[in-house]
Amino acid sequence: MYVSDLALNDFRNYAEAVVSFSEGVVTLLGANGQGKTNLVEAIAYLATFSSHRVSADTALVRAGASGAVIRAKVVSEGRPTLLELEIIAGRANRARINRAPARTRDVLGVLKAVVFAPEDLSLVKGDPTDRRRYLDDLVVTRTPRLAAVRSEYDRILRQRSALLKSTGGGRRVPDALMSTLEVWDGHLAEAGAQLIAARAALVEALTPHVSEAYRSVSDGAGEASLAIRSSLEKAEEGTEGSGAGEAADVATLTSRMVAAMQRLRRQELDRGVCLVGPHRDDLVLGIGDLPAKGYASHGESWSLALALRMGAFELLRAEAGEAPVLILDDVFAELDARRRARLAEMVAAAQQVFITAAVPDDVPAGLDGQRFQVTAGVIEEAA
Ligand SMILES: Nc1ncnc2c1ncn2[C@@H]1O[C@H](COP(=O)(O)OP(=O)(O)O)[C@@H](O)[C@H]1O
Ligand SMILES: [Mg+2]
């Protein structure tokens, strides 16, 4: 698939931009701070409603403006679809598909994109939040309906945490509050179980693609592995009939979540924190027999970060029968010759690739394609 047209209003540092793109390689050049990343971020946002740079939508709206609009024409298997998303700070997004009002979640899944950016090093070196976002963005891309579950889970989590805190860790919790808490246990378990199951299925499907990508990037130096470290399984340790290692169907996971919360009641009340659920899980990355975090060299960490994105690209391509749009934000300058060459292979497999770079020399020869210059929130096709 590819994006043939993009229009932005009050998005980041773009007051207004209208631009047409060709298939193949699209290069965005410009000095730092001009808006290259902002532009590809707009495209990526249509794919997952999440940004690789911020968690709050407020930053996406141009300073001083009340809302931003992203419009894009996406061509998939030769058929164009017009997507329009209005981002209003502090309110729900509004969407249109082919000019008709639509549910925002129907926009998800129309455009599939994979972004590789310098920030991705934190997938290997950073805290679990980044890895959970990596998984959940892919979960939503594969199964758009789960976008609603993802935001519902976050909402329930906030409410339940607030409720736990409101007891002040007291020994005597009023009955009414206890039964309210049980209601929230059920809500958290239902939404959480769906995310746990979807992440497990994703990791299973993704692992062979990431392993293969890592082999090719690292020249066969060690096997990459992916595994979920589950807060639910941890909570079940030493209990009778723990479901650890079992096939994860949603109904079973829901009751296991509820049981775990009952067992951890005292601890959760003392600490005022929700201790089980997908928000406490991590994606453990390994190289050979060692965990990547804390052990991998800088070069290995880059290889693994690249393999995670290449693996995601290959998985989506295999499942959709069509390559997602590939976005390479300022990454060539960071990579050595070998990793550049592997990345160039992935570029060849995509129908459209956006490459941003501060200087043309950072883009490998033969990958320049259609060229744009970005200057202070203005994009112009280069002569
Ligand atoms: N919401 C916003 N409103 C106005 N300007 C913004 C907003 N968000 C980011 N910017 C500006 O965008 C610029 C960064 O653009 P970016 O796309 O990251 O640059 P680069 O070309 O280096 O990738 C900064 O100057 C920043 O101040
Ligand atoms: Mg940038």
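Please read these numbers as outputs of a predicted model, since none were measured by experiment.

Enquirer: I keep staring at the packing of helix α6 (residues 175-218) against helix α8 (residues 250-263) and nothing clicks. Help me out?
Expert: For any two helices packed against each other, one specifies the crossing angle of their axes together with the interaxial distance. Across the interface, α6 lies against α8 with an axial gap of 8 Å and an inter-helix angle of 135°. The orientation of α6 relative to α8 falls into the category oblique. Seen along the crossing, α6 lies across α8 with a hand that is right-handed. Taken together, the residues of α8 that come into contact with α6 (itself represented by D185, G186, L188, A189, E190, G192, A193, Q194, I196 and A197) are V250, L253, T254, M257, V258 and M261.

Enquirer: It is not clear to me how the sheet that holds strand β10 (residues 282-287) should be interpreted in this structure. Could you clarify?
Expert: Pairing between the strands of a sheet is mediated by backbone hydrogen bonds and can be parallel or antiparallel. Here we have three strands laid out as an open sheet, ordered β9-β10-β11, and antiparallel in their pairing. With one partner strand each, in any of the chains shown, β9 (224-229) and β11 (290-291) form the two edges of the open sheet. Across six bridges, β9 lies against β10 in antiparallel orientation. Bridged to I228 within β10 is L283. Of the strands in this sheet, β9 and β10 are in contact with helix α4 (residues 128-142), which crosses β10 at around 95°.

Enquirer: Hey, could you run me through the domain arrangement of the protein in this one?
Expert: Size of an interface, as often reported, equals the accessible area lost when the parts are brought together. Considered domain by domain, the protein is made up of domain 1 (1-112 + 324-383) and domain 2 (119-320). Domain 1 and domain 2 are separated by 28 Å when their C-alpha centres are compared. Each partner contributes residues to the interface: domain 1 has 24 residues there, and domain 2 has 21 residues. For the pair domain 1 and domain 2, the summed buried surface comes to about 2100 Å²; carbon and sulfur atoms form 65% of the total.

Enquirer: In this structure, what is going on with the nonpolar core? I would like to understand it.
Expert: General note: in soluble globular proteins, nonpolar side chains tend to be found buried as a group. If you look at the biggest cluster of nonpolar residues, it comprises 80 residues, and the most contacted ones within it are F116, Y134, L326, L328 and L343. Sort the elements by how many residues they give to this core and α6 lands first, with 17 residues. When residues of this core are assigned to domains, at least three map to each of domain 1 (1-112 + 324-383) and domain 2 (119-320). Ignoring any residue separated from it by four or fewer positions in sequence, one finds L326 in contact with V114, F313, M346, V347, A350, Q352, V353 and F354.

Enquirer: How do you make sense of the pairing of strand β14 (residues 370-375) when you look at a structure like this?
Expert: Along any regular strand, the residues point their side chains to alternate faces of the sheet. The alternating pattern of β14 places Q370, F372 and V374 on a buried face and R371, Q373 and T375 on a face that is not buried. Where strand β3 (residues 24-29) and β14 come together, four bridges link them in parallel fashion. Bridging across to β14, V26 finds its partner in Q370. With four bridges connecting them, β14 and strand β15 (residues 378-381) associate as antiparallel partners. Residue pairing for β15: T375 is matched across the bridge by V378. Counted along the chain from β14 to the antiparallel partner β15, the turn is two residues long, and its residue A376 has a positive phi close to 45°.

Enquirer: Any chance you could explain the environment of T81 here in plain terms?
Expert: As for its placement among the helices and strands, T81 is situated in strand β5 (residues 79-88). Given the relative accessible area of 19%, T81 is considered buried. It is 33 Å that separates the C-alpha atoms of T81 and R340, two residues lying 259 residues apart in sequence. Filtering out sequence-adjacent residues up to four positions away, T81 remains in contact with A72, K73, V74, I97, N98 and V110.

Enquirer: Honestly, the side chain of D136 in this entry has me stumped. Any pointers?
Expert: Mapped onto the secondary structure, D136 falls in helix α4. If sequence neighbours within four positions are ignored, D136 has contacts with R150 and R199.

Rules and cut-offs
Residues numbered from 1 in each chain as written. Chains lettered and ligands numbered in written order. Predicted model: local features only at pLDDT ≥ 70, side-chain atom pairs only at ≥ 80, totals over all residues. Heavy atoms only, no water. Axes fitted to C-alpha atoms, helices over the stretch in contact; angles between N-to-C directions. Helix = DSSP H or I, 4+ residues; strand = E, 2+ residues; numbered from the N terminus. Parallel < 35°, antiparallel > 145°, perpendicular 65-115°, else oblique. Left-handed = near helix turned anticlockwise from the far one by under 90°. Contact = heavy atoms within 4.5 Å. Pairing = 2+ DSSP bridges. Domains from an automatic or database assignment. Buried area = accessible area lost by both parts, 1.4 Å probe. Core = buried A, V, L, I, M, F, W, Y, C linked by side-chain atoms within 4.5 Å. Buried < 20%, exposed > 50% of the residue type's maximum accessible area, 1.4 Å probe, protein only.

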